[in-house]
Amino acid sequence: QVQVVESGGGLAQPGGSLRLSCVASGSSFSIYIMGWYRQAPGKQRELVATITDAGSANYADSVKGRFTISRANANDTMYLQMNNLKPEDTAVYFCKVVTHPADYWGQGTQVTVSS
């Protein structure tokens, strides 16, 4: 069983920055892909960014150039550096961990961007 713990959400002003963290722990496992997703009120959950075990990153068009995804600590930790935040970035952000044979989700962390 793998536990996924997120942190770093909060309130930021437009143009500000936040860094989200996701840590996976538990029994022995290998992580193939980690990713960030978000869900705004009344909207479907959408992909924000993913990163593979080889370090290959993918971003939604809406966050390219503003957000950076990275991994550390033998790939069990993932970060999302969010810069130049916009009100439309307001959402609950979820961490997803892809392993074999199961996938795991974090509990979600609220990001609010408002003046």
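Throughout what follows, the structure given in this document is the object of discussion. The model shown is predicted, which means the values in this text are computed figures rather than measured ones.

## Describing the overall build of the protein
Working step 1: The helix and strand tally for the protein stands at zero helices and eleven strands.
Working step 2: What you see in the protein, going N to C, is helices and strands ordered as β-β-β-β-β-β-β-β-β-β-β.
Working step 3: Taken over the C-alpha trace, the protein has a radius of gyration of 14 Å; the compact-globule value for 115 residues is 13 Å, and the two agree within 12%.
Working step 4: Seen through its principal axes, the protein has C-alpha atoms that stretch 45 × 25 × 20 Å.
Working step 5: Residues classed as buried in the protein amount to 41% of the 115 residues present.
Working step 6: Contacts spanning at least 24 positions in sequence make up 53% of the contacts within the protein whose residues lie at least 6 apart.
Working step 7: Summed over its atoms, the accessible surface of the protein is roughly 6,000 Å², and 47% of this surface lies on carbon and sulfur atoms.
Working step 8: Put simply, the protein has 9 plus and 8 minus side-chain charges, and the middle of one group is 4 Å from the middle of the other.

## Concerning the nonpolar core
Working step 1: With 28 residues, the main nonpolar core has Trp 36, Leu 80, Met 82 and Tyr 93 as its most contacted residues.
Working step 2: Listed by contribution, the elements that provide at least two residues to this core are strand S1 (2-7), strand S3 (18-26), strand S4 (31-39), strand S5 (46-52), strand S7 (67-72), strand S8 (77-82), strand S9 (91-99) and strand S11 (109-113).

## Comments concerning the sheet that holds S7
Working step 1: With antiparallel pairing, the four strands of this open sheet are ordered in space as S1-S3-S8-S7. Only two strands of the sheet have a single neighbouring strand rather than two, namely S1 and S7. Strand after strand, the sheet turns through a mean of 15 degrees between neighbouring axes, direction not considered.
Working step 2: In terms of strand pairing, S1 meets S3 through six bridges, oriented antiparallel. Bridging across to S3, Val 5 finds its partner in Val 23.

## Re the pairing of S8
Working step 1: Among the six residues that make up S8, five are buried, leaving the element largely enclosed by the rest of the structure.
Working step 2: Looking at chain direction, S3 and S8 are connected through six bridges and run antiparallel. Bridge pairing in S8 links Leu 20 to Leu 80.
Working step 3: Sheet topology note: the S7/S8 ladder contains six bridges and is antiparallel. When the bridges of S8 are listed, Arg 71 appears paired with Met 78.
Working step 4: With antiparallel pairing between neighbouring strands as the criterion, S7 and S8 make up a hairpin whose turn holds four residues, including Asn 73 at a positive phi of roughly 55 degrees.

## Some thoughts on the state of the cysteines
By definition, a disulfide links two cysteine residues through a covalent bond between their sulfur atoms.
Working step 1: Considering all chains together, one arrives at one disulfide under this definition.
Working step 2: Here Cys 22 pairs with Cys 95 through a disulfide, and the sulfurs are 1.9 Å apart. Disulfide Cys 22-Cys 95: the torsion about the S-S bond is -75 degrees, which places it as left-handed. Of this pair, Cys 22 sits in strand S3 while Cys 95 is found in strand S9, placing the two residues 73 residues apart along the sequence. Here Cys 22 matches Cys 95 in class, with each residue buried.

The rules behind each value
- Residues numbered from 1 in each chain as written.
- Predicted model: local features only at pLDDT ≥ 70, side-chain atom pairs only at ≥ 80, totals over all residues.
- Heavy atoms only, no water.
- Helix = DSSP H or I, 4+ residues; strand = E, 2+ residues; numbered from the N terminus.
- Rg over C-alpha atoms; globule rule 2.2 N^0.38 Å.
- Buried < 20%, exposed > 50% of the residue type's maximum accessible area, 1.4 Å probe, protein only.
- Contact = heavy atoms within 4.5 Å.
- Areas by Shrake-Rupley, 256 points an atom, 1.4 Å probe, with all protein chains shown as cover.
- Lys, Arg positive; Asp, Glu negative; His and termini not counted.
- Charge placed at Lys NZ, Arg CZ, Asp CG, Glu CD.
- Core = buried A, V, L, I, M, F, W, Y, C linked by side-chain atoms within 4.5 Å.
- Pairing = 2+ DSSP bridges.
- Axes fitted to C-alpha atoms, helices over the stretch in contact; angles between N-to-C directions.
- Disulfide = S-S within 2.5 Å.

By themselves, these are just geometric observations and shouldn't be taken as functional.
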